[in-house]
Amino acid sequence: MSKTVDTENETKTKETPGSENKKSYCKLGNVTREQSQYSPGLSILKKAILLQCIVYISLPVILCLFPWILGHVVFSHWLRIPYLVDLASPAELSLNHTLNFYLSPEEGISLGVWHTVPDSQWEKAQGAGPEWYSETLGDGSPVIIYLHGNVGSRAINHRVELVKILSAAGYHVLSLDYRGYGDSSGEPSEVGLTSDALYLYQWVKTRSRTSQICLWGHSLGTGVVTNAAVKIQEQAMELARERARDLRDVTQADLEPSYAVDGVILEAPYTNMEEEVASHPLSMMYRCLPGFQSVLHHVMRSNNMVFANDENLKTLTTGILFLHAEDDNVVPFYMGQKLHQIALQARRQRYAEDQVHMVSYSGSLGYSHNYIYLDPNLASVVGRFLQSKNNNIDRPIVL
């Protein structure tokens, strides 16, 4: 009996063929299950990397197919900051001697404009209407037409603070919101923005009598300023030629316009829009991508967006003041330096005596792209420029 039992026990404990493989499979299964606890994390990481690669590759393709997207990014007019501000009431921003009014350069376009008179006329401005403000443009005080950069309206803080500084220095300041910006109607384009600036300049010119008129552009606005200044200069030259057409021995000096822009101030200027977009921090990761420059060139041309400050300064004859901070994180400082040299070289070739002056702000000041108005000497710098625009200054000044 016991023998039988032993045999049965042996039979029960005896390993069947292939049992070792089954145990191995079981162990492998256990390891696989343990590893599967970490696989979801790895899978998510792979998907994230794949998604980034898809976005990286597809973005240039999307821009080629829909170039207007980049145009909207460059202008950023849809960001109507600051919000909850009544642009029709500049007094809410402590501009108590400012008139809000609207101009219509063409059918269907309305442009919002602020006219801030010099601080010295603050009391007279209280309760004054459009006729009084219009009449003051001819009082002999210099007039500055301020053309802002992209994003937002004329009510952004650094723009308002600059207006206050210039007003305190004794200048009339006209702040324009281009078409599509602020409370102005229409859609922005290079041609449209330039047309808006030209219209405002002509509107001021017919009312300013002998007062100096200076165009001040910041960032995107520098391209608008040089476009407009060149157009005004061309119109003045053509008129001078018409007047001298029947005269003999007419020299270039005889044709120099006597009523073109009296001065141009370029704050944080770029060389041209294509180079500015290529140098922007958001474009850095695409610089090594084959064909990036060709794609960018195609997209910019499709948007009819050039803003060629570098080319405009080769022909512009009026006095120019450059303002640029070394720590500018939007428009690289070297672009301002390059434009300064282009302007100087152009004047030397024509043996011109017009002023070309550059003020460079040390990076330690922290003025960056939007805060040059914090310079306590800014009013003095502008005053010296407007008073001595016939003196050529060919060395940069570092503050």
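These notes cover the structure that comes with them.

Analysis parameters
- For every chain, the first residue of the written sequence is number 1, and numbering continues from 1 along that sequence.
- With the structure being a predicted model, the display of local features is reserved for residues of pLDDT at least 70 and the display and counting of side-chain atom pairs for 80 or more, all residues being used for whole-chain, interface and lining totals.
- Excluding hydrogens and water, the side-chain values take into account all heavy atoms of the structure.
- Exposure is judged per residue with a 1.4 Å probe applied to protein chains only, and the accessible area is read against the type maximum: over 50% gives exposed, under 20% gives buried, and values in between give partly exposed.
- Secondary structure elements are taken from DSSP: a helix is a run of H or I of four residues or more, a strand is a run of E of two residues or more, and numbering for both begins at the N terminus.
- This arc describes the spread of directions from the helix axis toward the C-beta atoms.
- Centres within 6.5 Å make a pair out of two Phe, Tyr or Trp rings, where for Trp the six-membered ring is used; the pair is then stacked when the planes are under 30 degrees apart, edge-to-face when over 60, and tilted otherwise.
- A 1.4 Å probe that fits but cannot get out identifies a cavity on a 1 Å grid over protein atoms alone, an open set with protein on both sides within 12 Å along at least five of seven lines counts as a pocket, and a residue lines either if it has an atom within 4 Å of a point.
- Grid points are joined across faces, edges and corners, and a volume is the space filled by probe spheres set on the points.
- Residues were grouped as follows: Ala, Val, Leu, Ile, Met, Phe, Trp, Tyr, Cys and Pro as nonpolar; Asp, Glu, Lys and Arg as charged; and all remaining residues, including Gly, as polar.
- Put simply, a salt bridge is a Lys or Arg side-chain nitrogen that is within 4 Å of an Asp or Glu carboxyl oxygen.

### Concerning helix α4 (residues 68–75)
- When we look at burial in α4, the residues that qualify are Leu70, Gly71, Val74 and Phe75. For α4, the arc enclosing every buried residue in end-on projection is 130 degrees, short of the 170-degree limit, so these residues lie on one face.
- Positioned one or two residues after α4, Ser76 has a phi angle of 50 degrees, which is positive.

### Overview of the packing of aromatic side chains
- For the coordinates displayed, the defined rule picks out 6 aromatic pairs.
- Their ring planes at 75 degrees and their centres at 6.5 Å tell us that Phe75 and Phe307 sit as a pair that is edge-to-face. Taken together, the residues span a long stretch of sequence, with Phe75 in helix α4 and Phe307 in the loop between α12 (292–302) and α13 (309–312) at a distance of 232 residues. Per residue, the accessibility class of Phe75 equals that of Phe307, and both read buried.

### What to know about empty space enclosed by the protein
- All chains considered together, the criterion is met by 1 cavity of 30 Å³ or more.
- If you add up the space inside the largest cavity, you get close to 50 Å³.

### Thoughts on the layout of surface pockets
- Computed from the structure, the largest pocket encloses a volume of approximately 850 Å³.
- What lines the largest pocket is a set of 34 residues, among which Leu70, Val73, Val74, His280 and Leu282 lie closest to the centre.
- Looking at the lining of the largest pocket, the elements that each hand over two or more residues are α3 (39–65), α4, α7 (157–168), α11 (273–279) and α12.
- Residue composition of the lining of the largest pocket, by class: 22 nonpolar, 10 polar and 2 charged.

### Concerning the pattern of salt bridges
- Across all of its chains, the model carries 7 salt bridges by this definition.
- Measuring nitrogen to oxygen at the nearest pair gives 2.9 Å for the salt bridge that ties Arg154 to Asp183. One end of the pair, Arg154, is in the loop between β3 (143–147) and α7; the other, Asp183, is in the loop between β4 (172–176) and α8 (190–208), with 29 residues separating them in the sequence.
- A salt bridge links Arg179 to Asp196, with the nearest nitrogen and oxygen atoms 2.7 Å apart. In this pair, Arg179 sits in the loop between β4 and α8 while Asp196 sits in helix α8, placing the two residues 17 residues apart along the sequence.
- Using a relative accessible area of 0% as the deciding quantity, one classes Asp196 as buried.

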